[in-house]
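Structural overview for review
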Amino acid sequence: MNRRSFTKKAVLTTIATSLPFCLFAKGMLPPIDEVELIGKGNPTLSKGIDYQVRPKVAIAFKAMKAKALEDGIQIKVVSSYRDYNHQNRIWEHKFKRFRESGLSPIQSIKKIIEYSTIPGTSRHHWGTDLDLIDGAKQVTGDVLVPSKFHGTGPFCKFKEWMDIHAQSFGFYLVYTDVPNRKGFNYEPWHYSYKALSKGYLDLYRELDIKSILQKNELVGSDSFSDEFITAYITENILDINPDLLT
């Protein structure tokens, strides 16, 4: 090895080891640190009319959307990147509502996490996940309701199309409708771009979630026991579509 090659290798090694919470060293993904993983950073995002996602996600999404349009499906984004503050507003609103209804703090938390994530733990913080529907359909009320994606629901054709084509563009349903899956309820609208989110999840699993949430003084976090956090990680964060874990 000549001196120039050795020097270059040494510099790269120094950078990689100085960024212990970054995928730079693996050469696989755009860099992401702990701050971005919990939704408090400033990630580089591509912005569309109705979405903000990582640039690689945007490229794949645009291709999928164009193909769907050829087949009569008008994909619309209901939600994409959400930062910590956005997720926290959702959390505090629901926590207050459930507490006022008479539920205890931990009962309120368990009710919230049937569908909504704890701020700092949302996959939407990563800029890799999208909530999608068919924008061509006229729908009243909440659009993110499982029954609207099946049978005679307005989004059943959209769901059928996604079941066939989504994975060919790199997108996978996260919270599947399979027996015995725990954690968040079935969400036929929530898709993740695996090429990035798989690596981000691997990094996320290295975090001390409990201490991070309590340090941020999240409402209700004083009710988070070690047992609750362990169950939340096992069931809500990791009990997802197995294709997104391997």
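The following paragraphs examine the structure supplied in this document. (Residues numbered from 1 in each chain as written. Predicted model: local features only at pLDDT ≥ 70, side-chain atom pairs only at ≥ 80, totals over all residues. Heavy atoms only, no water.)

**Observations regarding helix α5 (residues 105-112)**
- Every buried residue of α5 is listed here: Ser-108, Ile-109 and Ile-112. End-on, the buried residues of α5 take up no more than an arc of 100°, which puts them together on one face.
- Looking at the packing, one finds that the buried side of α5 touches α4 (84-100) and α9 (226-237). (Buried < 20%, exposed > 50% of the residue type's maximum accessible area, 1.4 Å probe, protein only. Helix = DSSP H or I, 4+ residues; strand = E, 2+ residues; numbered from the N terminus. Arc of directions from axis to C-beta. Contact = heavy atoms within 4.5 Å.)

**Quick word on the sheet that holds strand β3 (residues 75-79)**
- Read across the sheet, four strands follow the order β3-β4-β6-β5 without closing on themselves; strand pairing throughout is antiparallel. In the strand order of this sheet, the two ends are held by β3 and β5 (171-173), each with one partner. Between one strand and the next, the sheet's axes are offset by a mean angle of 45°, whatever the strand orientation.
- With three bridges joining them, β5 and strand β6 (residues 190-193) adopt antiparallel strand pairing. (Pairing = 2+ DSSP bridges. Axes fitted to C-alpha atoms, helices over the stretch in contact; angles between N-to-C directions.)

**Points about the nonpolar core**
- By size, the foremost hydrophobic cluster in this structure holds 62 residues, and its most contacted members are Ile-75, Leu-132 and Phe-171.
- Sort the elements by how many residues they give to this core and helix α3 (residues 55-70) lands first, with six residues.
- Other than its neighbours up to four places away in sequence, Leu-132 contacts Phe-61, Met-64, Ile-75, Lys-76, Val-77, Phe-149, Phe-158, Met-162, Trp-189 and Tyr-191. (Core = buried A, V, L, I, M, F, W, Y, C linked by side-chain atoms within 4.5 Å.)

**Things to note about the packing of aromatic side chains**
- Under the definition given, this model contains 12 aromatic pairs.
- An angle of 75° between the planes, with centres 5.2 Å apart, marks the rings of Tyr-51 and Phe-61 as edge-to-face. Here Tyr-51, found in the loop between β1 (46-47) and β2 (52-53), pairs with Phe-61, found in helix α3; they are 10 residues apart in sequence, far enough to count as distant. Considered together, Tyr-51 and Phe-61 belong to a single accessibility category, that of buried residues.
- Positioned above the aromatic ring of Tyr-172, the side-chain terminus of Lys-194 is 5.4 Å from the ring centre. (Phe/Tyr/Trp six-rings, centres within 6.5 Å; stacked < 30°, edge-to-face > 60°. Lys NZ or Arg CZ within 6 Å of the ring centre and 35° of its normal.)

**Section: the packing of α3 against helix α6 (residues 156-165)**
- Look at α3 against α6: their axes get within 12 Å of each other, and the N-to-C directions meet at 125°. Relative to α6, α3 is oriented oblique. In the crossing of α3 with α6, the sense of the turn from one axis to the other is right-handed. Where α3 approaches α6, its residues Met-64, Lys-67 and Ala-68 are matched on the opposing element by Trp-161, Met-162 and His-165.
- Tallied by class, residues from the contact of α3 with α6 come to four nonpolar, one polar and one charged. (Parallel < 35°, antiparallel > 145°, perpendicular 65-115°, else oblique. Left-handed = near helix turned anticlockwise from the far one by under 90°. Nonpolar A, V, L, I, M, F, W, Y, C, P; charged D, E, K, R; others polar.)

**With respect to the environment of Ile-133**
- The topology assignment puts Ile-133 in strand β4 (residues 129-134).
- Of the residues examined, Ile-133 reaches a relative accessible area of 5% and is grouped as buried.
- Not counting chain neighbours up to four residues away, the residues in contact with Ile-133 comprise Gln-74, Ile-75, Lys-76, Val-78, Val-143, Leu-144, Phe-149, Phe-155 and Phe-158.

**Quick word on the side chain of Lys-198**
- For Lys-198, the location among the structural elements is in helix α7 (residues 194-204).
- On the basis of relative accessible area, Lys-198 is assigned to the buried category, the value being 19%.

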